[in-house]
Amino acid sequence: MFKTVLEYLENIDPILAAFYATMFTWFLTALGAAFVFFFKNMNRAVLDGMLGFTGGVMIAASYWSLLSPAIEMSDGEGFVKVMPASIGFLMGALFLFALDKTLPHLHINFKESEGIKSPWQRTTLLVLAITLHNIPEGLAVGVLFGGVAAGIPEASIAGAVTLAIGIGIQNFPEGIAVSMPLRRMGMSRRKSFMYGQASALVEPMAGVLGAVAVTFFTPILPYALAFAAGAMIFVVVEEVIPETQQDKNTDIATLGLIAGFIVMMSLDVALG
């Protein structure tokens, strides 16, 4: 199955491949959001464990799928070689920091809002929070496919597909994390699902944008890979991990993070 997918994606335009891959990650978000049709509530410990898993996947993907290839493909030795990755990583974190401070959004716990004051409803603010998470994920997948299009040896279809699989797996609980709170607020099942899946629609857009940018500006690839990594780590440290520490499920969330890290690391090493 995996080889069949690789053979197909190798024979189509990499930008189109990036679109298909990020549509897959969106689909798994929608699949998670669809749980709202079967359940009204989800045990908070389960949700914290899944969010921890999400953080573990993002941390592992940031290194094995993004930072490591960015360093490998950079020229020079010592500090010169690591400079593009360092600059890109910092810029990615600062980009998400800027969005976090300007884009109105609400945390999953419904207690903390950030960004510019807005009259928007709490449901919209919650969806914007998860959408904020999804920008670097779609960008990461797209950048890798763009590297393939540019013929960079360190960027492979297998690596890009593996990253898409990992991102898709961790998107599943994100879909649940949006739709379930909305349902508890009294929103209909259909609307809760629509909001939940909509939070990941930004991934195909970010994926195509990343692929196009790298295709036309090949020298930026190591910076772009590290940029996506920095943005993802910012999301994990600023949003995901603190969210799992709100209740008394810190051990479950931590074990979930370890499990997510192992899963993504194994996928990348075995398949990428």
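Residues numbered from 1 in each chain as written. Predicted model: local features only at pLDDT ≥ 70, side-chain atom pairs only at ≥ 80, totals over all residues. Heavy atoms only, no water.

A closer look at the side chain of Ser62
And step 1. Checked against the element boundaries, Ser62 lands in helix H3 (residues 44–72).
And step 2. For Ser62, the contacting residues outside a window of four places in its chain are Leu67, Ala229, Met232 and Ile233. (Helix = DSSP H or I, 4+ residues; strand = E, 2+ residues; numbered from the N terminus. Contact = heavy atoms within 4.5 Å.)

Some points on the packing of helix H6 (residues 157–184) against helix H7 (residues 189–198)
And step 1. Two elements in contact, H6 and H7, have axes whose closest approach is 8 Å; the angle formed by their N-to-C orientations is 150°. Regarding the angle of H6 to H7, the classification is roughly antiparallel. By crossing handedness, the relation of H6 to H7 is classed as right-handed. Counted together, Val178, Ser179, Leu182 and Arg183 of H6 and Arg189, Ser192, Tyr195 and Gly196 of H7 form the full contact between these two elements. (Axes fitted to C-alpha atoms, helices over the stretch in contact; angles between N-to-C directions. Parallel < 35°, antiparallel > 145°, perpendicular 65-115°, else oblique. Left-handed = near helix turned anticlockwise from the far one by under 90°.)

A short note on helix H2 (residues 14–33)
And step 1. If you check H2, its first and last C-alpha atoms are 29 Å apart, about what 20 residues at 1.5 Å a residue would give, namely 28 Å.
And step 2. Along H2, the positions that sit buried rather than exposed are Pro14, Ala17, Ala18, Ala21, Thr22, Thr25, Trp26, Leu28, Thr29, Ala30, Gly32 and Ala33. (Expected span 1.5 Å × (residues − 1). Buried < 20%, exposed > 50% of the residue type's maximum accessible area, 1.4 Å probe, protein only.)

With respect to the packing of aromatic side chains
And step 1. In total, this model carries 7 aromatic pairs according to the counting rule given.
And step 2. Where Trp64 meets Phe261, the ring centres are 5.6 Å apart and the plane angle is 75°; that geometry is what we call edge-to-face. Taken together, the residues Trp64 in helix H3 and Phe261 in helix H10 (residues 250–271) connect sequence positions 197 residues apart.
And step 3. Its relative accessible area of 25% is what places Phe261 among the partly exposed residues.
And step 4. These aromatic residues form a ring-pair network of at least three members: Tyr63, Trp64 and Phe261. (Phe/Tyr/Trp six-rings, centres within 6.5 Å; stacked < 30°, edge-to-face > 60°.)

So, the nonpolar core
And step 1. Ranked by internal contacts, the top residues of the largest apolar core, which has 46 residues, are Leu66, Phe145, Leu163 and Leu225.
And step 2. The element contributing the most residues to this core is helix H9 (residues 221–244), with 12 residues.
And step 3. Ranked by size, the runner-up nonpolar core spans 7 residues in total, among them Ala30, Val36, Phe193 and Ala200. (Core = buried A, V, L, I, M, F, W, Y, C linked by side-chain atoms within 4.5 Å.)

A look at the environment of Thr254
And step 1. Looking at the element boundaries, Thr254 is found in helix H10.
And step 2. Judged by its relative accessible area of 43%, Thr254 is partly exposed.
And step 3. A C-alpha to C-alpha distance of 8.9 Å links Thr254 and Gly56, two positions 198 residues apart in sequence.

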